[in-house]
Amino acid sequence: MTLPHTWNALDGQDGGGDYYQGIGWYRKNFRLESDWKQVYIRFGAVSKMAKVICNGQPVGEHRGGFSAFTLDLSPYLHDGENEILVCADNSLDLPIYPRNADFTFFGGIYRDVQLICFDQAEHFDVMTFGTDSLFVTADPEGQVSVCTYVPDGERVTVSILDGDRNIVASRETVGTDGKAQIDLTVDHPKLWNGLDAPELYTCTASMAADCISTSFGFRSFSVSPEEGFFLNGRNYPLHGVCRHQDRENLGWALSEKEHTEDMELIREIGANTLRLAHYQQAPFFYDLCDSNGIVVWAEIPFISVYDDCREADDNLRQQLMELIMQNYNHPAICFWGIANELGIGGESENMIEMLTELNTLAKRLDSTRLTTIANVGMTMPESAQFHITDLASYNEYMGWYEGTPDDHGIFCDERHARMPEVPIAISEYGADSILSWHSAQPVCKDYTEEYQAIVHEKAYAEFEKRPYLWATWLWNMFDFAADARDEGGCKGRNNKGIVTYDRKIKKDAFYFYKSKWSKEPFAYICGKRFTRRHEDQIEIKVYSNASRVTLTVNGHSMDTKTGNAVFCFENVPLLEDTNVVEVLADNKASDSLVLEKVLEKPQEYTYVVQKNVSSNVAQWFAGQDVAVKELLIREGFLSVEDPLEIVYQYPDGERAVKETIQKPLSTDHPAMAARMDTGGAMSFASIWNHISKMLPDEAIYLLNERLNKIPK
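Note that the coordinates shown come from a computational prediction; the quantities given were computed from them, not determined experimentally. (Residues numbered from 1 in each chain as written. Predicted model: local features only at pLDDT ≥ 70, side-chain atom pairs only at ≥ 80, totals over all residues. Heavy atoms only, no water.)

Trainee: Pulling in residues and values, what's your account of the overall build of the protein chain?
Mentor: Each helix and strand counted, the protein chain has 13 helices and 37 strands in total. Taking 27 Å as the expected radius of gyration for a compact globule of 712 residues, we find that the protein chain reaches 27 Å, a close match to that expectation. Within the protein chain, the proportion of its 712 residues that are buried is 59%. Summarising the internal contacts of the protein chain: among those between residues at least 6 apart in sequence, 70% fall at separations of at least 24. (Helix = DSSP H or I, 4+ residues; strand = E, 2+ residues; numbered from the N terminus. Rg over C-alpha atoms; globule rule 2.2 N^0.38 Å. Buried < 20%, exposed > 50% of the residue type's maximum accessible area, 1.4 Å probe, protein only. Contact = heavy atoms within 4.5 Å.)

Trainee: Any chance you could break down the packing of helix α1 (residues 256-269) against helix α2 (residues 283-292) for me, citing the residues and the numbers?
Mentor: A pair of packed helices is captured by two measures, namely the crossing angle of their axes and the spacing between those axes. Where α1 contacts α2, the axes come no closer than 10 Å and their chain directions differ by 35°. Between α1 and α2 lies a crossing whose hand is right-handed. Each of E256, H259, T260, D262, M263, I266 and R267 in α1 lies in contact with α2, whose residues at this interface are F284, F285, L288, C289 and N292. A class-by-class count of the residues in the contact of α1 with α2 yields 6 nonpolar, 3 polar and 3 charged. (Axes fitted to C-alpha atoms, helices over the stretch in contact; angles between N-to-C directions. Left-handed = near helix turned anticlockwise from the far one by under 90°. Nonpolar A, V, L, I, M, F, W, Y, C, P; charged D, E, K, R; others polar.)

Trainee: So, the environment of L77: which residues are in play, and what are the values?
Mentor: As for its placement among the helices and strands, L77 is situated in the loop between β5 (69-72) and β6 (81-89). You can call L77 buried: its relative accessible area is 15%. In this structure the C-alpha to C-alpha distance between L77 and Q319, which are 242 residues apart in sequence, comes to 29 Å. Residues within four places of L77 in sequence aside, it is in contact with F30, L32, V39, C54, N55 and N82.

Trainee: Outline the nonpolar core, supporting the account with residue identities and numerical values.
Mentor: Core analysis: the biggest nonpolar cluster contains 123 residues, and F229, F302, F335 and L355 have the highest contact counts within it. With 8 residues, the single largest contributor to this core is helix α4 (residues 349-365). The contact partners of L355, leaving out residues within four places of it in the chain, are F302, I338, A339, L342, I373, Q385 and I388. If you look at the next biggest cluster of nonpolar residues, it comprises 32 residues, including V647, I661, A673 and A699. (Core = buried A, V, L, I, M, F, W, Y, C linked by side-chain atoms within 4.5 Å.)

Trainee: Give a description of the sheet that holds strand β17 (residues 221-224) that names residues and reports values.
Mentor: The strand order across the open sheet built from 3 strands is β17-β18-β19, with neighbouring strands paired in antiparallel fashion. Of all strands in the sheet, those bounded by a partner on one side alone are β17 and β19 (234-235). Relative to strand β18 (residues 228-231), β17 is paired through 4 bridges, and the arrangement is antiparallel. Residue pairing across strands places S224 opposite G228, the latter belonging to β18. (Pairing = 2+ DSSP bridges.)

Trainee: Lay out helix α5 (residues 408-418) in plain terms, naming residues and giving numbers.
Mentor: Those residues of α5 that sit buried are H408, G409, F411, C412, R415 and H416. Viewed end-on, α5 has its buried residues packed into an arc of 160°, placing them on one side of the element. Away from its buried face, by an angle of more than 90 degrees, α5 presents the exposed residues I410 and A417. (Arc of directions from axis to C-beta.)

Trainee: With reference to specific residues and values, describe the layout of surface pockets.
Mentor: Estimated volume of the second largest pocket: approximately 1100 Å³. Taken together, 38 residues line the second largest pocket, and the ones lying closest to its centre are R42, P283, F284, D287 and Q326. Where the lining of the second largest pocket is concerned, the elements lending two or more residues are β2 (38-43), β7 (113-118), β8 (134-138), β16 (210-216), α1, α2 and α3 (310-326). In terms of residue class, the lining of the second largest pocket is made up of 15 nonpolar, 16 polar and 7 charged. (1 Å grid on protein atoms, 1.4 Å probe; cavity = no way out; pocket = protein on both sides within 12 Å on 5 of 7 lines; lining within 4 Å. Points joined across faces, edges and corners; volume = space filled by probe spheres on them.)

Trainee: How would you summarise empty space enclosed by the protein if you had to cite specific residues and measurements?
Mentor: In this structure the tally under the stated criterion is 1 cavity of 30 Å³ or more. Considered as a void within the structure, the largest cavity measures approximately 30 Å³ in volume. Forming the boundary of the largest cavity are Y394, F411, C412, R415, H416, I424, I426, Y468 and L469. Of all elements in the fold, only α5 and β26 (424-428) reach the threshold of two or more residues within the lining of the largest cavity. Of all the elements, α5 adds the most residues to the lining of the largest cavity, at 4 residues. Here the lining of the largest cavity is built from residues that sort into 7 nonpolar, 1 polar and 1 charged.

Trainee: Can you explain the packing of aromatic side chains? Please cite residues and give values.
Mentor: In total, this model carries 46 aromatic pairs according to the counting rule given. Between the aromatic rings of Y201 and F216, the centroid separation amounts to 6.1 Å while the plane-to-plane angle is 35°, which identifies the pairing as tilted. Of this pair, Y201 sits in strand β15 (residues 201-207) while F216 sits in strand β16, placing them 15 residues apart in sequence. The exposure classification of Y201 matches that of F216, with both residues buried. Three or more aromatic residues joined by ring pairs form one cluster here, namely F66, F103, F105, F106, Y110, W252 and Y279. (Phe/Tyr/Trp six-rings, centres within 6.5 Å; stacked < 30°, edge-to-face > 60°.)

Trainee: Please provide a residue-by-residue account of helix α6 (residues 449-464), values included.
Mentor: The terminal C-alpha atoms of α6, which comprises 16 residues, lie 22 Å apart, in line with the 22 Å expected from a rise of 1.5 Å per residue. Burial of α6 is extensive: 12 of the 16 residues sit out of reach of the surface. If you check which residues of α6 are buried, you get E449, E450, Y451, Q452, A453, V455, H456, E457, A459, Y460, E462 and F463. (Expected span 1.5 Å × (residues − 1).)

Trainee: Talk me through the packing of α6 against helix α7 (residues 508-517); I want residue IDs and the actual numbers.
Mentor: Remark: α6 packs on α7, axes separated minimally by 8 Å, with the N-to-C direction vectors making an angle of 25°. Judged by the angle between their axes, α6 and α7 are roughly parallel. The interaxial crossing formed by α6 with α7 has right-handed handedness. Contact residues: E449, E450, Q452, A453, H456, E457, Y460 and E464 in α6; D508, A509, F512, Y513, K516 and W517 in α7. (Parallel < 35°, antiparallel > 145°, perpendicular 65-115°, else oblique.)

So this is what it looks like as structure tokens:
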């Protein structure tokens, strides 16, 4: 086989939550060259744990599935044929983060592997944090501090080159105590200025027989709790997307080709920021962010739950150190994320202490960047999680898991009013959509492209009005694998992407954001997969970054609309069996669509929920009558809308959840039942979407009835 490789490329995306998580062995034979005096091996990433054996001797191990690591093979090699064995292990029970999360944990050696060979003993250290150990700190005035790891007494020359490869600064120093530290000045540096001008410089460090280099940039940034993000002293509103690194039939085993294609789609939409969730991503992709001017939030996989054991704590410290040191030089990265949605699993004193320690560690390793946490939307402003890092953010899903699409602005204002001193961002928002499903009257949980587009339109309209939001990232740029999911008739996938898992189809919502962010003239008629229509008159929606759009049907001019991004043409008649719809924008962009008029409403566009209730669960609910099939919220009483951490503060509330929900699930769905052991920030209503197929419809109403009888 060839690398990169994962053994979960297929079973990790097909649903059922039963993909292989365990040990896989890799073997490589190679011949030692006569002039190789020292030989190291560097792995880009191995999920989750790697043990490396050379010629039958253990070389070392690494814990963490997303960062690079380097091992010294020299003591274990001999002349002639040599064998390297790698034991890769993505077992679920390892005390290695992520411990529990809503995406597939692909196994294998899924990034590149390098042999680093030297024909002399003296060279730059290639072991420290799995890097070439060249660290550059630069400020916008041109002051540059360079640190590298070298043998004592070695003379090192450090040079700075501009984008045209001209040397603009150079100095020499001598290694002391294993390091070479040197300061330089670049006169009138060109700034790394986001999408407008992502200027990059190169730093090289050389000694007698070795040379290393890295790119970097000059820039400054800050965040105001009232005015948002500033880049190089100017207000620079951040609007962008989140990205998972996997792709259909490849899992995490991506080449530079796939990474480049992803960046091209992100550039097409016009995003100026990326949240690279929920783990350290490929070095090549961070390079793409640098060269394309994309501001980045980079984070570690401290997700959903806190594992209260020493080994897991050590792993968090290690993964944060590797994230920061391996990506220290990237000017695109402005934020270190230390956790995501920990409120789902409930808060504890030890968890808060761990977060505080991680923040302190991040600031010690890198005082130039800001730290942040992504909190689940139900996390109360009183939580300590909002007061540990420099910045805070919310993952909120108004219109999908809670509330309505009109609630985004209300949510932001309420949180901002309760903690005005804390800079707040929206780190996730969105809704699922599946290409098969469509509706002229879309509603929540119908999984239509149309409903997803409405959620994004309304969310972004509210975010635009609130300059205090230091950034917004929609969830997600691409559909991604979540093998335990089974939603909307699609197994093994989270379908909140605005581009399909294979990157072949851009959903309607993609073009909404392109109309808001892109400067490339374009027009797009929505409903490319909703072409069989039975209505005599329909609404036709157009996205464009023009200010004026004209609609024609079968060559007849219908109307001209002016507006911003979204143009809705109402009561458009369909008079022929075949109707050619065309739009022309004032920026010369155009688009067309052919609609077929049919006699009856097509049924193929409607998702019909297929319940998967086992006999054991069905028997449990047999005979339990529901008085009211309506989710009533009684003032002063508990309900399914309350966070479980609140419900569990009342013995009767905890008993109601565990008797009504956990016990029926325990036989056929033990993993889901186990997640009910502790209450977190999410409400039962918000997780009902995930477990509704496992339980009869009556379950949520029965639970709500019981909770409605418990006074707060």
